[in-house]
Amino acid sequence: MLDTLKLGFIGGGNMAAALIGGLIAKGAHGANIVVVDPTEPARSRAEQTWGARTAAAPGAELADRDVIVLAVKPQQMREVCAQLAPHLRDSLVLSVAAGIRIQDLSRWLNGHARVVRAMPNTPALSGLGMTGLAANAGLSDADRATASAIANAVGKSVWVPAEAQIDAVTAISGSGPAYVFYFIEAMQQAAQELGLSAEDGRTLAIETFIGAATLAGQSSEPVEVLRERVTSKGGTTSAALTSMEGADIKAAFVRAMHAAAARGKEMGEEFGRD
């Protein structure tokens, strides 16, 4: 599929770059890609790195695209759709902007119905991304397969049954890398306070996250069981977890993700206003 797919990217930033790089690694051709970005450095990167065609603004070069990926900031989306709408024919449109609802994208694109909402995350830059996908019930199986192929080029993906659940995806995996980096920061700080070097603290924290996540992914057992196996009664891990529970860290962490999901919903209402 990817070797013949004609793709258009509006926005040439890091997420677009991750998707394009992953797609080309999986068989897509740079000559079949058009990147639209107002900044010269982004266009130059697309031309020199992948051999893509570029433009400074949406135009006729997008009319024959099989898929158009909207990779711009949420606050730019309405204006971008207004620029794209006169040139849009029957392309599948894939948006990776947080908070922007399908109904608003369709409305801004003059009623265009072939729209998929996606929420990738930044590990896509390393080919280890996680993307949530949602679409209206009428989207064809072929379009769903195409959207999945694009998302899976930079990692893994899941389809959620209702678009409203994309806000939950945003809270868990879209924003999730920041939570991991936050805990790595804390582990690095503790390592230095306990006398380890900054370099050793960084290595210990990062490799522990990689190892634990890999083990959880490979195991058929619940993560609670894996945690319990590390936690000997009266031992060091028990002391750490008891301290965290005393500080209500798990409950605070859960509340934080509820806050992220609520903000995603608010963004949809905010940016979707007439």
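Here is what the cut-offs are and how they apply
- Residues numbered from 1 in each chain as written.
- Predicted model: local features only at pLDDT ≥ 70, side-chain atom pairs only at ≥ 80, totals over all residues.
- Heavy atoms only, no water.
- UniProt positions renumbered as here; feature names shortened; annotations may be inferred.
- Helix = DSSP H or I, 4+ residues; strand = E, 2+ residues; numbered from the N terminus.
- Buried < 20%, exposed > 50% of the residue type's maximum accessible area, 1.4 Å probe, protein only.
- Contact = heavy atoms within 4.5 Å.
- Areas by Shrake-Rupley, 256 points an atom, 1.4 Å probe, with all protein chains shown as cover.
- Lys, Arg positive; Asp, Glu negative; His and termini not counted.
- Charge placed at Lys NZ, Arg CZ, Asp CG, Glu CD.
- 1 Å grid on protein atoms, 1.4 Å probe; cavity = no way out; pocket = protein on both sides within 12 Å on 5 of 7 lines; lining within 4 Å.
- Points joined across faces, edges and corners; volume = space filled by probe spheres on them.
- Nonpolar A, V, L, I, M, F, W, Y, C, P; charged D, E, K, R; others polar.

By the naming in an unreviewed UniProt entry, the protein chain is Pyrroline-5-carboxylate reductase, taken from Ralstonia pickettii. Its UniProt record, at the heading Subcellular location (unreviewed entry), says of the protein chain: "Cytoplasm".

Novice: Please provide a residue-by-residue account of the overall build of the protein chain, values included.
Specialist: When helices and strands are counted, the protein chain shows eleven helices and eight strands. When its C-alpha atoms are laid out on the principal axes, the protein chain stretches across 70 × 40 × 35 Å. Counting only residues that meet the buried cut, the protein chain has 40% of its 274 residues in that class. Long-range pairs, those at least 24 residues apart, make up 61% of the contacts in the protein chain between residues at least 6 apart in sequence. Split by element, the accessible area of the protein chain, about 14500 Å² in all, is 57% carbon and sulfur. Taking the average location of the 24 positive side-chain charges in the protein chain and that of its 28 negative ones, the two points are 3 Å from each other.

Novice: Please provide a residue-by-residue account of the environment of Val223, values included.
Specialist: Relative to the helices and strands, Val223 is located in helix 9 (residues 223-230). Its relative accessible area of 52% is what places Val223 among the exposed residues.

Novice: For the layout of surface pockets, give the residues involved together with the corresponding values.
Specialist: Its volume calculated, the largest pocket comes out at about 2700 Å³. Lining the largest pocket are 49 residues; nearest its centre among them are Val180, Thr208, Phe209, Ala212 and Ala213. Those elements that provide at least two residues to the lining of the largest pocket are strand 7 (129-135), strand 8 (155-159), helix 6 (166-174), helix 7 (176-193), helix 8 (198-218), helix 9, helix 10 (236-246) and helix 11 (249-271). No other element matches the eleven residues that helix 7 contributes to the lining of the largest pocket. For the lining of the largest pocket, the residue count by class is 30 nonpolar, 13 polar and six charged. The calculated volume of the second largest pocket comes to roughly 680 Å³. Around the second largest pocket sit 30 residues that line it, and Gly11, Ala71, Val72, Lys73 and Gln76 are the ones nearest its centre. Of all the elements in the fold, those that place two or more residues in the lining of the second largest pocket are helix 1 (14-25) and helix 3 (77-84). The element contributing the most residues to the lining of the second largest pocket is helix 3, with three residues.

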